[in-house]
Amino acid sequence: MLTQATQTGSSLTISVTRIEGGVLVSLRGRLTIDSSPELRNQLLAVLYGKTLERLVIDLSEVPYVDISGVATLLETLRIARSRKTGLQLKGLHDRPRYLLEVTGLLSLFETSDIGVPSIRGAQ
């Protein structure tokens, strides 16, 4: 297993790990207009590198995503689909999940959130 970590200023750490059949990208911190360009660069490098069966983005340690982060995830989904690569969001919870739910975008993504409750209806 090979892991590469990148720090984007002080707001987001990106770890890229090769897994069986694909790549796991683990994020820790805030996904904002300041950190999304580096995440985009990392994700594009992964998708346009070696052919992948799947790409998993772990958002379990991401408490905040702004609209530029959502745009980065949507672009990644578009490219993954065009390259026949499965894309899964893992650990999506709290505000990031709510943002995708209220915008109607959550249904576009495959998610793996076992044990992570939705905040829909919690207010």
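Not measured: the values here are computed from a predicted model. (Residues numbered from 1 in each chain as written. Predicted model: local features only at pLDDT ≥ 70, side-chain atom pairs only at ≥ 80, totals over all residues. Heavy atoms only, no water.)

Engineer: Where do I start with the overall build of the chain in this structure?
Structural biologist: The number of helices and strands found in the chain is three helices and six strands. Listing every helix and strand of the chain by position from the N terminus yields β-β-β-α-β-α-β-α-β. The 123 residues of the chain split such that 47% are buried. As displayed, the chain offers around 6800 Å² of accessible surface, 52% of which is attributable to carbon and sulfur atoms. (Helix = DSSP H or I, 4+ residues; strand = E, 2+ residues; numbered from the N terminus. Buried < 20%, exposed > 50% of the residue type's maximum accessible area, 1.4 Å probe, protein only. Areas by Shrake-Rupley, 256 points an atom, 1.4 Å probe, with all protein chains shown as cover.)

Engineer: Please explain the pattern of salt bridges as it appears in this structure.
Structural biologist: Oppositely charged side chains may form a pair once their charged atoms are brought near each other. Scanning all chains against the criterion turns up two salt bridges. For the salt bridge of glutamate 75 with arginine 40, the shortest nitrogen-to-oxygen distance reads 2.7 Å. With glutamate 75 in helix 2 (residues 67-82) and arginine 40 in helix 1 (residues 36-47), this residue pair connects regions lying 35 residues apart in the sequence. On the basis of relative accessible area, arginine 40 is assigned to the partly exposed category, the value being 32%. (Salt bridge = Lys/Arg side-chain N within 4 Å of Asp/Glu carboxyl O.)

Engineer: Would you mind going over the side chain of glutamine 88 with me for this structure?
Structural biologist: With respect to the helices and strands, glutamine 88 occurs in strand 5 (residues 86-90). A distance of 3.3 Å separates polar atoms of two side chains, one belonging to glutamine 88 and the other to glutamate 110. In contact with glutamine 88, not counting residues within four places along its chain, are Leu55, Val56, Ile57, Glu110, Thr111 and Ser112. (Polar contact = N/O pair within 3.5 Å; in protein donor to acceptor, adjacent residues only side chain to side chain. Contact = heavy atoms within 4.5 Å.)

Engineer: I tried to follow the packing of aromatic side chains on my own but got confused; where do I start?
Structural biologist: Describing an aromatic ring pair means giving the distance of the ring centres and the angle of the ring planes. Enumeration over the complete set of coordinates arrives at zero aromatic pairs. Across the ring face of tyrosine 64, the terminal group of arginine 30 is positioned such that the distance to the ring centre comes to 4.2 Å. (Phe/Tyr/Trp six-rings, centres within 6.5 Å; stacked < 30°, edge-to-face > 60°. Lys NZ or Arg CZ within 6 Å of the ring centre and 35° of its normal.)

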